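Spelled out from the first residue to the last, the chains are:
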Amino acid sequence: MPELAATILGWLVPALVVFGVTAIAVAAIVWAVRRARRSPRARSAADKARAKAGATLVRLDDEVGELDLEVGLSGALYGGDAPASLRRARLTAQRVRDDAFEDYRAISDPAVAAPEVHRVAARIERHAGEALAVVAAARKEHGAWVAANVSAAGQIDAARRRLAELNASMGDPAALVADLSSRFAEEEWRDASRSAHAALSGVSAARRHLDAASARAADPSLSALPELAAAERALRQAEADARNLEESHRLVLQAAQAVPDEIASARNALRQAGVTREHLDAPDAARLGAELHAIDAELNRIETDAARRPTRTVDAIARLRSRLDLALGDARTAQQRLRGARTALPGTLAAARGALAQAEASVSRSRAGADARSRLLSAQRELAQARQTQDPVAALDAARRAMRDAEDAKALADFAHQAGPPA
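The sections below set out a description of the structure shown in this document. As the structure is a prediction and not an experimental result, all values here were calculated from the model.

### Points about the overall build of the chain
- The secondary structure content of the chain amounts to 13 helices and zero strands.
- Starting at the N terminus and ending at the C terminus, the chain contains elements arranged as α-α-α-α-α-α-α-α-α-α-α-α-α.
- Counting the 423 residues in the chain, one finds 39% classified as buried.
- Expressed as a percentage of contacts within the chain between residues at least 6 apart in sequence, the contacts between residues at least 24 apart total 79%.
- Of the roughly 22500 Å² of accessible surface on the chain, a fraction of 57% belongs to carbon and sulfur atoms.

### Comments concerning the environment of Glu 407
- Relative to the elements of secondary structure, Glu 407 occurs in helix H13 (residues 392-419).
- Looking at Glu 407, the relative accessible area reads 29%, which means it is partly exposed.
- Here the alpha-carbon distance between Glu 407 and Ala 359, two residues 48 residues apart in the chain, equals 6.8 Å.
- Leaving out residues up to four positions away in the same chain, Glu 407 has contacts with Asp 315 and Arg 319.

### Let's talk about the environment of Ala 242
- Structurally, Ala 242 is set in helix H8 (residues 225-277).
- The exposure class assigned to Ala 242 is buried, which follows from its relative accessible area of 6%.
- Spatially, the C-alpha atoms of Ala 242 and Ala 198 are 8.3 Å apart, while their sequence positions differ by 44 residues.
- When sequence neighbours within four positions are dropped, the list of residues in contact with Ala 242 reads Leu 166, Met 170 and Ala 199.

### Topic: the packing of helix H6 (residues 173-181) against H8
- In contact at an axis separation of 11 Å, H6 and H8 are set at 25° when each is read in the N-to-C sense. Considering the angle they form, H6 stands roughly parallel to H8. Handedness of the H6/H8 crossing: left-handed. Along the contact surface, H6 presents Pro 173, Leu 176, Val 177, Asp 179 and Leu 180, while H8 presents Leu 245, His 249, Val 252 and Leu 253.
- Grouping the constituent residues of the contact of H6 with H8 by class yields seven nonpolar, one polar and one charged.

### A short note on the environment of Ala 159
- Tracing the chain through its elements places Ala 159 in helix H5 (residues 152-170).
- Classification of Ala 159 as buried rests on a relative accessible area of 1%.
- A sequence separation of 76 residues divides Ala 159 from Leu 235, and the C-alpha atoms of the two residues are 8.4 Å apart.
- Residues within four places of Ala 159 in sequence aside, it is in contact with Leu 210, Leu 228, Glu 232 and Leu 235.

### A word on the nonpolar core
- One finds Leu 57, Leu 60, Ile 107 and Ile 124 to be the most contacted residues of the largest nonpolar core, which totals 29 residues.
- Among the secondary structure elements, those contributing two or more residues to this core are helix H2 (40-78), helix H3 (84-106) and helix H4 (114-149).
- For this core, the element with the most residues is H4, which contributes ten residues.
- Here Ile 107 is in contact with Arg 50, Val 112, Glu 116, Val 117, Val 120, Ala 121 and Ile 124, once residues within four sequence places are set aside.

### Regarding the pattern of salt bridges
- According to the stated counting rule, one finds 30 salt bridges in the structure shown.
- With its nearest N and O atoms 3.1 Å apart, the salt bridge here joins Asp 103 to Arg 123. Here the residue Asp 103 occupies a position in helix H3, and Arg 123 occupies one in helix H4, the gap between them amounting to 20 residues.
- Here Asp 103 falls in the partly exposed class, since its relative accessible area comes to 23%.
- One salt bridge in this structure joins Arg 119 and Glu 116, with 2.6 Å as the shortest N-O distance. Here Glu 116 and Arg 119 lie together in helix H4, a separation of three residues that amounts to about one turn.
- Owing to a relative accessible area of 31%, Glu 116 belongs among the partly exposed residues under this scheme.

Scoring rules and cut-offs
- Residues numbered from 1 in each chain as written.
- Predicted model: local features only at pLDDT ≥ 70, side-chain atom pairs only at ≥ 80, totals over all residues.
- Heavy atoms only, no water.
- Helix = DSSP H or I, 4+ residues; strand = E, 2+ residues; numbered from the N terminus.
- Buried < 20%, exposed > 50% of the residue type's maximum accessible area, 1.4 Å probe, protein only.
- Contact = heavy atoms within 4.5 Å.
- Areas by Shrake-Rupley, 256 points an atom, 1.4 Å probe, with all protein chains shown as cover.
- Axes fitted to C-alpha atoms, helices over the stretch in contact; angles between N-to-C directions.
- Parallel < 35°, antiparallel > 145°, perpendicular 65-115°, else oblique.
- Left-handed = near helix turned anticlockwise from the far one by under 90°.
- Nonpolar A, V, L, I, M, F, W, Y, C, P; charged D, E, K, R; others polar.
- Core = buried A, V, L, I, M, F, W, Y, C linked by side-chain atoms within 4.5 Å.
- Salt bridge = Lys/Arg side-chain N within 4 Å of Asp/Glu carboxyl O.

Below, the structure is given as structure tokens:
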């Protein structure tokens, strides 16, 4: 029996030593791999992969914009709808772009592990590259058709028709700005004035390029295409600036109409919060009371200049309502939360629309990178969700997310504009 025990121990001890050493080695390898994945070098490599994918995504987004223009132009050239190949390419590119921006936004979170960033960035590169190839093939096919069937003069005539339509739809931009400047503070109409000047400048540039294209089209030895392309780009930017002008004018006037109701709604919400405070324990009641007093003081302050600064007032009230919701926390009943969301939603939607309009104008004027564009798309999606959602509480949350995303997009686009084109 002692001999059997000795035999077993003689076999077991070396086996335990081997398995123990192996387990330690495996644990050390796993620890080393995890540490390497979290190392500054791994994070730096992941950030470079994400930036590279973002640059490809920006190219795709620009191509989608160019394709939108070409689809519109081709309708005039064909005398009807755009050719099927261009429409299919645009739908494909738009779908891939939107999905890729979602992926890009997801890996922009610093908490995402480096290997996941690499994997998703590679997928963005692959799908965006495939979409770019589809777009290039469709544009090449369309370009060949145009070269064979449409003269430069025909293209110039189509562009001149769009220019005339733009002039007619714009009306008098100076009159819109004058209307705002006579009633509101400068910060309310500054963006509208900038858009008006940019639209008029774009129209003038488009006209100059079209005149130059016409002169070159008359000479068989010269190509009118460079001037025609420059005219189209100027015309497209002028159209965007004209839309921004109209949107800015409309938002200011709507805010001016909404200000009295928004102030009254905010004061009513404060009164209801005061009633809720009466049913809280002393420490919670004291905390809420101090916050209600601060919110009331801020509301009094912004009300003094509300008529001159309506969009700023609507935006500030939307933020005060959010602050009030945070202060109340779980102190309200479900019915009170629903009623509060219903009254806060119109002003928050208006504030989100204003923030989104500013972000869109900033992104269109600057060489915005993928981060700004992804946040802009997110803001547009959140605002659409807020408008469609039947539940006021969910709609209010979506509208607030749209505000935050739009503000981030504008800040990033403004920074890119000041810093110059992205690398």
